[in-house]
Amino acid sequence: MSDAAPEKRLYIKTYGCQMNVYDSERMADVLRPLGYGLTDAPDEADLVVLNTCHIREKATEKVYSELGQIKRLKAAKADAGAAMLVAVAGCVAQAEGAEIRRRQPAVDIVVGPQSYHRLPELIARAHRAAGETLAADFAPEEKFDALPTARAPDGVTAFLTVQEGCDKFCSFCVVPYTRGAEFSRPAAAIEAEARALASRGVREVTLLGQNVNAYDDGGSGLAALVRRLARVPGLDRIRYTTSHPRDMDEALIAAHADVEQLMPYLHLPVQAGSDRVLKAMNRGHTAEHYLRLVERVRAARPDIALSGDFIVGFPGEREADFEATLQLVREVRYASAFSFKYSRRPGTPAAAMQGQVADEVKAERLERLQGLLGEQQQAFNRAQVGCVLPVLLEKPGRREGQIAGRSPYLQAVHCEGDLGLIGQVAPVRISSAGANSLAGELAAVATA
Ligand code: SAH
Ligand code: SF4
Ligand code: F3S
């Protein structure tokens, strides 16, 4: 990038999932030619963007409380004779639209996930303090065509959005409403972006989508895309997230068996282990279907690390249903997982269901589930001690002389090492395991 020194400062705060992380980077890319450079000090910013998440009530509340703070910064700037524009992007913008500006008049721009390419226009309009500043209509093709992809990655790993939206309509979830229908980018555009990233030093890409394994480019699915990207020179590692059990086809399972670059890690949310609850969630699969799927994936790639998402206290969940979740977890043995108390989201079918579960019950179940998942994660990490793992070295470690990276199973690994090794996949002998990371020593580095 041949930027002149930026004249204006942009502060972006990102909430929610990796799709938002990717989108925040794209927003920075769109705004760079307008003279905006990133700052991490909101009080200095000429433009503040909150890229928001609507998935649970807490996530949405955080946005309004952050806006309260931003409003004070904006007032202080105005007192000093300077202007600050405030934009709300992401899923709260999409779901609550103009309501945001009613609740917080300090907000100048509300922009939904499909309209980021229109930010320059929205900013100009906001500067004129006139006209329509709400852009939340869906047109995903336009978004991807219009956003710059010749970006400057700031590390050796990068996210790459290949699919957006969701047609599954799980009864608890806002995503089909905030991100719209499933849409897949053409494989050629994705490959071009991956080649550009690799040529700028990126060694690992994580393909992103709300239902990434529903990826479909004219009948060609995620497995074909993975095989295509595996031929890109310099890309050592490919990952993808998040998958739906219903879209996990034979071709993708087979790719795990024979594509060397495809990492042995699979985030495959199940949400619950009781068929009664799964049905009420409209998941479209049973516990048995999920367990058989896990078996098939493990048959293809025996060492694969499994991860999942869980919701406890879904409306109507009884103790026996919750125990079925614990039982499923015991059978699968997860390497890592995310678990949440059910959060009632306005407008979703589950919000109107009978049998909402008391918060104390949800809290107690969450604690039990997290206890079990935590033990499994520890066990998975401990099992690596003594092994030599290929680690993609990504950045300086927390302590002087340390270097940090990721194992094939997405575990954080740190060891003593020269920063010049960043960007290489190096063998590391694992010497100890914590709850969330591994430590080790570089093994057998080829020296002449
Ligand atoms: N598309 C992905 C992820 C969606 S959001 C998938 O289908 O797996 C990430 C996670 O948030 C979900 O997997 C679910 O576990 C959780 N989640 C979504 N809506 C929720 C709600 N209303 N309450 C609590 N957790 C929720
Ligand atoms: Fe939400 Fe279900 Fe779609 Fe995942 S599959 S985004 S949980 S509706
Ligand atoms: Fe949140 Fe939207 Fe992602 S609701 S989880 S930011 S798709």
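K.L.:
Just give me the short version of the sheet that holds strand 7 (residues 157-161), but keep the residues and values in it.
P.N.:
Judged by pairing direction, the sheet is parallel, and its 3 strands sit side by side in the order 7-10-13 without closing on themselves. Of all the strands in the sheet, the pair left with one neighbour each is strand 7 and strand 13 (237-241). Put simply, the sheet's adjacent strands are angled 25 degrees from each other on average, direction ignored. Across the sheet, helix 1 (residues 18-31) lies against strand 7 and strand 10 (204-208), angled at about 95 degrees from strand 7, the strand it touches most.

K.L.:
For the site of ligand 3, give the residues involved together with the corresponding values.
P.N.:
In the vicinity of ligand 3, the residues found are C17, N20, T52, C53, H54, I55, C91, R179 and Q210. Partitioned by chemical class, the residues of the shell around ligand 3 number 4 nonpolar, 4 polar and 1 charged.

K.L.:
Tell me about the packing of helix 8 (residues 187-199) against helix 9 (residues 222-229), and please be specific about residues and values.
P.N.:
Between helix 8 and helix 9, the shortest axis-to-axis distance is 10 Å and the interhelical angle comes to 35 degrees. Here helix 8 runs over helix 9; the crossing is right-handed. Residues A187, A188, I190, E191 and A194 of helix 8 lie in contact with helix 9, whose contacting residues are L225, R228 and L229. A class-by-class count of the residues in the contact of helix 8 with helix 9 yields 6 nonpolar, no polar and 2 charged.

K.L.:
Break down the site of ligand 2 for me, citing the residues and quoting the values.
P.N.:
Inspection of the region around ligand 2 gives C166, K168, F169, C170, F172, C173, V175, P176, N211, H244 and R283 as its neighbouring residues. Among the residues forming the shell around ligand 2, the class breakdown is 7 nonpolar, 2 polar and 2 charged.

K.L.:
So, helix 2 (residues 57-79): which residues are in play, and what are the values?
P.N.:
For helix 2, with 23 residues, the first-to-last C-alpha span of 34 Å sits near the 33 Å given by 1.5 Å per residue. Buried residues of helix 2: A59, T60, V63, Y64, E66, L67, G68, I70, K74 and K77, and no others. Where helix 2 is buried, its residues touch strand 1 (8-14), strand 3 (47-52), strand 4 (85-89), helix 3 (90-96) and helix 4 (99-103). Following helix 2 by one or two positions, G81 adopts a phi angle in the positive range, close to 85 degrees.

K.L.:
Quick one: what's the story with the nonpolar core, residue by residue and with numbers?
P.N.:
Membership of the largest hydrophobic core comes to 66 residues, with the highest contact counts inside it found for F172, L207, L222, L225, Y240, L328 and Y334. The greatest single-element share of this core, amounting to 6 residues, is contributed by helix 12 (residues 287-300). Structurally, this core is a two-domain feature, drawing no fewer than three residues from each of domain 2 (149-263) and domain 3 (272-383). Those residues in contact with L328, other than ones at most four positions away along the chain, are V270, A272, G273, A287, Y290, L291, F310 and Y334. Grouped together as the second largest cluster of nonpolar side chains are 19 residues, C53, A59, M84 and V86 included.

K.L.:
Describe in detail the pairing of strand 18 (residues 402-406), supporting the description with residues and values.
P.N.:
With 4 of 5 residues buried, strand 18 lies mostly within the body of the structure. Hairpin remark: strand 17 (residues 388-396) followed by strand 18, antiparallel, with 5 residues in the connecting loop; positive phi at G401, about 85 degrees. Both strand 18 and strand 19 (residues 412-416) contribute to a ladder of 5 bridges, which runs antiparallel. When the sheet's bridge partners are listed, G405 is paired in strand 19 with V413. The turn joining strand 18 and strand 19, which pair antiparallel and follow one another in sequence, is formed by 5 residues; a positive phi near 70 degrees is taken by L410.

K.L.:
Go over the packing of aromatic side chains, please, and point to the residues and values.
P.N.:
Tallied over the full model, the rule gives 5 aromatic pairs. Ring centres 5.6 Å apart and planes at 80 degrees place the aromatic pair F169 and Y177 in the edge-to-face group. Note on F310 and Y334: the rings are 5.3 Å apart at their centroids and 90 degrees apart in plane angle, and the pair reads as edge-to-face. Note that F310 is positioned in strand 15 (residues 305-312) and Y334 in the loop between helix 13 (319-332) and strand 16 (336-341), a separation of 24 residues in sequence. When sorted by exposure, F310 lands in the same class as Y334, which is buried.

K.L.:
Residues and numbers for the pairing of strand 21 (residues 437-442), please.
P.N.:
Relative to strand 21, strand 19 runs parallel, the two sharing 4 bridges. Among the inter-strand pairings, A412 is bridged to a residue of strand 21, identified as S437. With 5 bridges connecting them, strand 20 (residues 425-433) and strand 21 associate as antiparallel partners. What sits directly across from S432, in strand 21, is A439. Connecting strand 20 to the antiparallel partner strand 21 that follows it, the hairpin turn spans 3 residues.

K.L.:
How would you summarise the domain arrangement of the chain if you had to cite specific residues and measurements?
P.N.:
Split into domains, the chain comes out as domain 1 (8-139), domain 2 (149-263), domain 3 (272-383) and domain 4 (388-442). For domain 1 and domain 2, the distance between their C-alpha centroids amounts to 27 Å. Taken together, the 18 residues of domain 1 in the interface contact 18 residues of domain 2. Both sides of the domain 1 and domain 2 interface together cover about 1500 Å² of buried area, and 61% of this is carbon and sulfur. On the domain 1 side of the interface with domain 2, the three residues burying the most area are Q18, M19 and Y22, jointly 42% of the side's total.

K.L.:
Please provide a residue-by-residue account of unusual backbone geometry, values included.
P.N.:
With omega at 0 degrees, the peptide bond leading from T241 into T242 counts as cis. Following the sequence through the fold, T242 ends up in the loop between strand 13 and helix 10 (250-258). Of note, the phi angle at Q271 is positive, near 75 degrees, even though the residue is not glycine. The topology assignment puts Q271 in the loop between strand 14 (265-267) and helix 11 (275-280).

Criteria and thresholds
Residue positions are counted from 1 within each chain, in the order its sequence is given. Chain labels run from A onward and ligand labels from 1 onward, assigned in the order the entries are written. Where local features are concerned, this predicted model is filtered to residues with pLDDT of at least 70; where side-chain atom pairs are given and counted, the filter is 80 or more; whole-chain, interface and lining totals use all residues. Only hydrogens and water are set aside; all other atoms, that is, all heavy atoms of the structure, feed into the side-chain values. Here, a strand pair is defined by DSSP locating no fewer than two bridges between the strands. Counting from the N terminus, the helices are DSSP H or I runs at least four residues long and the strands are E runs at least two residues long. To obtain an axis, a line is fitted to C-alpha atoms, over the contacting stretch when the element is a helix, and the angle between two such axes runs from 0 to 180 degrees between their N-to-C directions. Throughout, a residue-residue contact means that at least one pair of heavy atoms, one from each residue, lies within 4.5 Å. It suffices for a single heavy atom of a residue to lie within 4 Å of a molecule or strand for the residue to be listed as near it. Gly counts as polar in this scheme, as do all residues outside two lists: the nonpolar Ala, Val, Leu, Ile, Met, Phe, Trp, Tyr, Cys and Pro, and the charged Asp, Glu, Lys and Arg. Left-handed describes a crossing whose near helix is turned anticlockwise from the far helix by less than a right angle; the clockwise case is right-handed. Multiplying 1.5 Å by the helix residue count minus one yields the expected span of that helix. Partly exposed describes any residue whose relative accessible area lies between the buried limit of under 20% and the exposed limit of over 50%, with all areas from a 1.4 Å probe on protein chains only and scaled to the type maximum. Residues enter a nonpolar core if they are buried and are Ala, Val, Leu, Ile, Met, Phe, Trp, Tyr or Cys, with the set joined through side-chain atoms within 4.5 Å. As used throughout, domain bounds are those supplied by an automatic or database domain assignment. Each Phe, Tyr or Trp ring, with Trp reduced to its six-membered ring, pairs with another whose centre is within 6.5 Å; inter-plane angles below 30 degrees give stacked pairs, above 60 give edge-to-face pairs, and intermediate values give tilted ones. Computed with a 1.4 Å rolling probe, the buried area is the accessible surface lost when two parts are put together, summed over both parts.

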